[in-house]
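Observations on the model geometry
Single-letter residue listing:
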Amino acid sequence: MTAEQNLGRAKIHLPDLAIELPSNIMWSGSYSQQYVNPQNLEVAEQELEMFMDLYNRILANCRNKCIPPKYHEPDLSKGEMVCIDRCVAKYMSVQKLLGKKMEENAENLTNIGSTGGGLPSTL
Amino acid sequence: MNPQAANPVGRPPLSDQERQIQIIHGVMESCPFKFATSGVIGFGLGAAFGLFMSSFEYAGPTMTDEMVKQTTKQQMKSALKDMGTRSYSMAKNFAVVGAIYSGTECCIESYRAKNDLYNSAAAGCITGGLLAHRSGPQSAALGCAGFAAFSTAIDWYMKRD
């Protein structure tokens, strides 16, 4: 499946990711021949992969932490629901925090690479 | 199960009806609702149980002189009134016990975010202690231990497999 077909079929709802798509990308199911900037397509594809990776990681981690593998009933109990809510919230807040820290230290990290050693000033 | 939950990306936003259903499910799983529901069901069960227990009073000889003088209809009326009072008091007791137990178990489980037998043990201890707190600390401790053991046993029995 090419990226165009992926984007054509899925109506993607990415509220938190800072992605700006130009208006000439079609969101409906039709495969029209309008011009799509391949660069924006690549960016959108990458964002989609990032989102799906994040989703799968959250799913695996929170399931391992919150739902013990002894299944008495198919429904989630109240404790498990509360645990999953908290797990997802913590995961997202940690991710945001780390993103900010990485941005702040971005120059220091690139400097490490170029000068070959030394600690960044903020760590 | 839910076709919309299979794929997180590409899911259309929920319709009004589905959102309503979600809200209703959320209310049904909340602690105040469980508190009220247990109270109501406890009231019903307590009434039935009280009706059953009150019949034992008339199993043996309970006739007094003045009771013999009354007509059958009056005797029946007084008997029914007595049964009603007894079953009402038992219903109130059961409602209180059920509501407190269910409410505290829900709160403890929400706080701990785990689902195991300690929730029922702690909720049973609190309920037993509350029910017996008027007659001193020793009886409160005994009530706590007894009710905790009882509720843990019942929960263990329901969950074993």
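Residues numbered from 1 in each chain as written. Chains lettered and ligands numbered in written order. Predicted model: local features only at pLDDT ≥ 70, side-chain atom pairs only at ≥ 80, totals over all residues. Heavy atoms only, no water.

Re the UniProt feature "domain: Tim10-like" (unreviewed entry) in chain A
Sequence positions flagged by UniProt for "domain: Tim10-like" (unreviewed entry) are, in local numbering, residues 43–104 of chain A. The span residues 43–104 of chain A is 82% helical and 0% strand by assignment, and the distance between its end C-alpha atoms comes to 23 Å. (UniProt positions renumbered as here; feature names shortened; annotations may be inferred. Helix = DSSP H or I, 4+ residues; strand = E, 2+ residues; numbered from the N terminus.)

Quick notes on the confidence of the model for chain A
With 63% of its residues at a pLDDT of 70 or more, chain A has an overall mean of 77. Ranking the elements of chain A by mean pLDDT puts helix α1 (residues 3–9) of chain A last, at 46, and helix α3 (residues 78–104) of chain A first, at 94. (pLDDT = per-residue confidence, 0-100.)

Here we look at the interface of chain A and chain B
Chain A puts 17 residues into the contact, and the matching count from chain B is 17 residues. Both faces combined, the contact of chain A with chain B buries some 1,300 Å², and carbon together with sulfur accounts for 61% of it. Our enumeration of links across chain A and chain B arrives at 0 salt bridges. At the surface where chain A touches chain B, the tally comes to 6 residue pairs in polar contact (both at pLDDT 80 or more). (Contact = heavy atoms within 4.5 Å. Buried area = accessible area lost by both parts, 1.4 Å probe. Salt bridge = Lys/Arg side-chain N within 4 Å of Asp/Glu carboxyl O. Polar contact = N/O pair within 3.5 Å; in protein donor to acceptor, adjacent residues only side chain to side chain.)

Quick look at the pattern of salt bridges
Residue and element names in this part refer to chain B. Summed over the entire model, instances satisfying the criterion amount to 4 salt bridges over all chains. Note that Arg86 is salt-bridged to Asp82, the shortest N-O span being 3.6 Å. In this pair, Arg86 and Asp82 both sit in helix α4 (residues 72–112), 4 residues apart, roughly one turn of the helix. Classification of Arg86 by relative accessible area gives partly exposed; the value is 34%. The shortest N-O distance in the salt bridge between Asp116 and Arg112 comes to 2.8 Å. Residue Asp116 is classed as partly exposed on the basis of its relative accessible area of 24%. Residue Arg112 is classed as partly exposed on the basis of its relative accessible area, which comes to 29%. (Buried < 20%, exposed > 50% of the residue type's maximum accessible area, 1.4 Å probe, protein only.)

A word on the UniProt feature "transmembrane region" (unreviewed entry) in chain B
Following the UniProt record, the feature "transmembrane region" (unreviewed entry) maps to residues 35–56 of chain B here. The span residues 35–56 of chain B is 91% helix and 0% strand, and its two end C-alpha atoms sit 32 Å from each other.

Description of the packing of aromatic side chains
Remark: the centre distance and the inter-plane angle together describe each pair of aromatic rings, the angle taken between the planes. Residue and element names in this part refer to chain B. Counting across every chain of the model gives 6 aromatic pairs over all chains. The interplanar angle of 65 degrees and the centroid separation of 5.3 Å between the aromatic rings of Phe52 and Phe56 together place this pair among those described as edge-to-face. Note on Phe52: relative accessible area 47%, which makes it partly exposed. Ring plane angle 75 degrees and centroid distance 6.0 Å describe the contact between Phe147 and Phe150, whose orientation is recorded as edge-to-face. On the criterion of helical spacing, the pair formed by Phe147 and Phe150 is a turn pair, its members being 3 residues apart in helix α6 (residues 137–159). (Phe/Tyr/Trp six-rings, centres within 6.5 Å; stacked < 30°, edge-to-face > 60°.)

Here's the deal with the state of the cysteines
Residue and element names in this part refer to chain A. Applying the stated criterion to the full structure yields 4 disulfides over all chains. The side chain of Cys66 participates in a disulfide bridge whose partner is Cys83; the two sulfur atoms lie 1.9 Å from each other. Linking Cys66 and Cys83, the disulfide has an S-S dihedral of approximately -75 degrees and is accordingly described as left-handed. Remark: Cys83 occurs in helix α3 and Cys66 occurs in helix α2 (residues 38–66); sequence separation between them is 17 residues. (Disulfide = S-S within 2.5 Å.)

What about the nonpolar core?
Ranked by size, the top nonpolar core spans 9 residues in total: Leu54(A), Ile58(A), Cys62(A), Cys66(A), Ile67(A), Val82(A), Cys83(A), Cys87(A) and Ala113(B). Elements represented by at least two residues in this core include exactly α2 and α3 of chain A. Once residues lying within four places of it in the same chain are set aside, the contact partners of Cys83(A) are Cys66(A) and Ala113(B). (Core = buried A, V, L, I, M, F, W, Y, C linked by side-chain atoms within 4.5 Å.)

Description of α2(A)
Helix length check: α2(A), at 29 residues, gives a terminal C-alpha distance of 41 Å against a target of 42 Å (1.5 Å per residue), a fit within 8%. Listed in full, the buried residues belonging to α2(A) are Leu41(A), Ala44(A), Glu47(A), Leu48(A), Leu54(A), Ile58(A), Cys62(A) and Cys66(A). (Expected span 1.5 Å × (residues − 1).)

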